[in-house]
Amino acid sequence: IAPVSTGITAAVMAFSSCPIGGIAPSVVGASEQTGSLHLPMLANLLQTLQDPEGSKRVAPKIWQRMIILWLVQLRLKRQRASLEVALPEPTLRLMLRALPKAAPELAAACRALFSSPVLEFVLQSPGLRTQIDERVLSLTALGSFAPEDEAEVLSELFSTCFEVCVLSGATAEWSGGGLILR
């Protein structure tokens, strides 16, 4: 992938400079303390790639791998912190913005399900946070980095986000004046 801007070049180089081709040391057995240093780096990298111009040129496979690495770091953080601290609203928001980039074929479904009124309701309720914790961060496949395990983790993440948004949309009723919650 040819970098398209200085910001993305720096972000990709920072990611590439991690040991073992971008895999944080905590993932391959180093101390949890060392791995926690990579969480800000991954979050910063994801935010850098969210640039509207730059993110269009980043391959879905890169987004998929970054989301997997990010989930591994979030699982480590979750082991040390409460659910609300490990998965705050900005993290959930960023995750939902990154998902369509990882699977462009699902981008239209993501746009529909992660629409503003429903998204705000989903982010305010504990459902998405709880489901990601129980269904995704608890997967034993998370961190194995075998292609089939990565596919399972991403599939579960998409399923979880889609289900929570659909159920939240079913709980909410649309009216001409906006979203009415039951």
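Data block above holds the structure.
Everything numeric here is computed off the predicted structure, so don't read it as measured data. (Residues numbered from 1 in each chain as written. Predicted model: local features only at pLDDT ≥ 70, side-chain atom pairs only at ≥ 80, totals over all residues. Heavy atoms only, no water.)

> Teacher, can you tell me more about the packing of aromatic side chains here?
Each aromatic ring pair is described using two quantities: the centre-to-centre distance and the angle formed by the ring planes. If you walk through the whole model with that rule in mind, you get two aromatic pairs. Here the aromatic rings of Phe114 and Phe162 are separated by 5.9 Å at their centres, their planes lie at 50°, and the arrangement is tilted. With Phe114 in the loop between helix H9 (107-113) and helix H10 (116-124) and Phe162 in helix H12 (residues 147-171), the pair connects residues that are 48 residues apart, well separated along the chain. The pair Phe114 / Phe162 is uniform in exposure class, with both members buried. Pairing Phe158 with Phe162 gives two aromatic rings, centres 5.8 Å apart and planes at 70°, and the pair type is edge-to-face. On the criterion of helical spacing, the pair formed by Phe158 and Phe162 is a turn pair, its members being four residues apart in helix H12. This pair shows no difference in class: Phe158 is buried, exactly as Phe162 is. Taken together, the ring pairs connect Phe114, Phe158 and Phe162 into an aromatic cluster. (Phe/Tyr/Trp six-rings, centres within 6.5 Å; stacked < 30°, edge-to-face > 60°. Helix = DSSP H or I, 4+ residues; strand = E, 2+ residues; numbered from the N terminus. Buried < 20%, exposed > 50% of the residue type's maximum accessible area, 1.4 Å probe, protein only.)

> Could you clarify how one ought to interpret the pattern of salt bridges in this entry?
Opposite charge on two side chains permits pairing when their charged atoms draw close. Inspection of the entire model under this criterion finds six salt bridges. Between Asp133 and Arg78 there is a salt bridge, and its shortest N-O distance comes to 3.2 Å. Note that Asp133 is positioned in helix H11 (residues 127-137) and Arg78 in helix H6 (residues 60-80), a separation of 55 residues in sequence. Of the charged contacts in the structure, one is a salt bridge between Glu163 and Arg135, with a shortest N-O distance of 2.8 Å. (Salt bridge = Lys/Arg side-chain N within 4 Å of Asp/Glu carboxyl O.)

> Quick question: what am I supposed to make of the side chain of Arg129 here?
With respect to the element layout, Arg129 can be found in helix H11. Despite its burial, Arg129 remains without a salt bridge, the nearest opposite charge being carried by Glu84 at 5.6 Å. (Lys, Arg positive; Asp, Glu negative; His and termini not counted.)

> Please clarify how the packing of helix H8 (residues 89-102) against H11 should be interpreted in this entry.
Between two packed helices, what matters for the description is the angle formed by their axes and the separation of those axes. The N-to-C vectors of H8 and H11 enclose an angle of 75°; their axes lie 11 Å apart at closest approach. Taken together, H8 and H11 sit at an angle that is classed as roughly perpendicular. Facing Glu89, Leu92, Met95 and Leu96 of H8, the residues of H11 in contact are Leu128, Arg129 and Ile132. In terms of residue class, the contact of H8 with H11 is built from five nonpolar, no polar and two charged. (Axes fitted to C-alpha atoms, helices over the stretch in contact; angles between N-to-C directions. Parallel < 35°, antiparallel > 145°, perpendicular 65-115°, else oblique. Contact = heavy atoms within 4.5 Å. Nonpolar A, V, L, I, M, F, W, Y, C, P; charged D, E, K, R; others polar.)

> How should I be thinking about H11 in this particular structure?
The α-helix winds at 3.6 residues per turn, so residues separated by three or four positions along the chain end up facing the same way. Burial in H11 covers these residues: Leu128, Arg129, Ile132, Asp133, Val136 and Leu137. Buried positions in H11, seen along its axis, are confined to an arc of 135° and lie on one side of it. (Arc of directions from axis to C-beta.)

> What is the right way to read the side chain of Thr91 from this model?
Tracing the chain through its elements places Thr91 in helix H8. Residue classification places Thr91 among the buried residues on the basis of a relative accessible area of 15%. Not counting chain neighbours up to four residues away, the residues in contact with Thr91 comprise Trp70 and Leu74.

Spatial relationships are all this shows, so hold off on functional conclusions.
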